[in-house]
Amino acid sequence: KGLMIWNFASDKNPDIVFAAAGDYLTKESLAAIDILKKILPHIKMRFVNVLELSSLGFGNRIRFEDYFTSEKPVIFNYHGYPSDIKQLIIKEKNPERFSVHGYTEHGSTTTPFDMHVRNGTSRYHLVMEASEILATKDIIKKQMAEAIVKVFNKKIKDHKEYIIQNGVDQDEIENWQWKKNI
């Protein structure tokens, strides 16, 4: 069908949905889910992997709500321009609940993870945004979201300093892998 819920990274009746198209963006989304499961274990999340963009809007091959729900917030991490996805979902129910991260033409000769940081597609950006969304939905306390944002803004700052000094991404980024036990 061109997309799939990855059950190993998903809960029933999610509070928030993550979706991704592209290898590196999928990795960043899964890493964000991993982080959130550790710091907010009561939060229910779903991950949707999109292999064919056409499955989102051409030919009505899917029941959109079966993947993205009809009302839950969705953070979509995409390897192209965010407007590509926004055009595909505009006719779906509540398209404003989709926050699409993607290429915003911010880049340079840098590390792979730094490209994610510069374009707002990093695991840290996704964690911060998910926390803010969950706070606006009263699923977590506003103070908790603010604390999470503070921690991950510092991680972004530390990341920048690290790559300037070392020219490579930190080990926790470079060697991250999904662990079955989360």
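Now for a look at the structure at hand.

Criteria and cut-off values
- Residues numbered from 1 in each chain as written.
- Predicted model: local features only at pLDDT ≥ 70, side-chain atom pairs only at ≥ 80, totals over all residues.
- Heavy atoms only, no water.
- Helix = DSSP H or I, 4+ residues; strand = E, 2+ residues; numbered from the N terminus.
- Buried < 20%, exposed > 50% of the residue type's maximum accessible area, 1.4 Å probe, protein only.
- Lys, Arg positive; Asp, Glu negative; His and termini not counted.
- Salt bridge = Lys/Arg side-chain N within 4 Å of Asp/Glu carboxyl O.
- Polar contact = N/O pair within 3.5 Å; in protein donor to acceptor, adjacent residues only side chain to side chain.
- Contact = heavy atoms within 4.5 Å.
- Axes fitted to C-alpha atoms, helices over the stretch in contact; angles between N-to-C directions.
- Parallel < 35°, antiparallel > 145°, perpendicular 65-115°, else oblique.
- Nonpolar A, V, L, I, M, F, W, Y, C, P; charged D, E, K, R; others polar.
- Pairing = 2+ DSSP bridges.
- Right-handed = clockwise from strand over helix to strand, strands pointing away.
- Phe/Tyr/Trp six-rings, centres within 6.5 Å; stacked < 30°, edge-to-face > 60°.

**Some remarks on the side chain of Asp169**
Here Asp169 shows up in the loop between helix 7 (142-166) and helix 8 (171-174). The side chain of Asp169 sits in the buried core without any salt bridge; Lys27 is the nearest counter-charge, 7.9 Å away. Within polar-contact distance, the side chain of Asp169 engages the side chain of Thr111 at 2.5 Å. Only 3.0 Å separates the side chain of Asp169 from the backbone nitrogen of Phe113, close enough to count as a polar contact. With residues up to four places along the chain from it excluded, the contact list for Asp169 reads Thr111, Pro112, Phe113, Asp114, His159, Tyr162, Ile163 and Glu174.

**Here's the deal with the packing of helix 6 (residues 123-136) against helix 7**
Put simply, helix 6 and helix 7 touch, their axes get as near as 9 Å, and they point 170 degrees apart. Overall, the two elements helix 6 and helix 7 adopt an arrangement that is roughly antiparallel. In contact with Tyr124, His125, Val127, Met128, Ser131, Glu132 and Ala135 of helix 6, helix 7 contributes Lys142, Ala145, Ile148, Val149, Phe152, Asn153, Lys155 and Ile156. Counted by class, the contact of helix 6 with helix 7 contains 9 nonpolar, 3 polar and 3 charged residues.

**Section: the pairing of strand 2 (residues 16-21)**
Of all 6 residues that make up strand 2, 6 are buried, and the element is covered over most of its length. Residues Ile16, Phe18 and Ala20 point to one face of strand 2 and Val17, Ala19 and Ala21 to the other, with burial holding for every one of them. For strand 2 and strand 3 (residues 45-50), the ladder comprises 5 bridges, and the chain directions are parallel. Within strand 3, the residue paired with Ile16 across the bridge is Met45. After leaving strand 2, the chain enters helix 1 (residues 23-39) and then returns to the sheet as strand 3, a path that is right-handed. With 5 bridges connecting them, strand 2 and strand 4 (residues 74-78) associate as parallel partners. Note that in strand 4 the partner of Ala20 across the bridge is Asn77.

**Considering the packing of aromatic side chains**
Counted by the stated rule, this structure contains 10 aromatic pairs. Ring centres of Phe64 and Phe68 lie 4.7 Å apart, and the angle between their planes is 35 degrees; on these two criteria the pair is classed as tilted. Of this pair, Phe64 and Phe68 both sit in helix 3 (residues 64-68), separated by 4 residues, roughly a single helical turn. Given the relative accessible area of 0%, Phe68 is considered buried. Clustering of aromatic rings is evident, with ring pairs tying together Trp6, Phe8, Phe47, Trp176 and Trp178.

Spatial relationships are all this shows, so hold off on functional conclusions.
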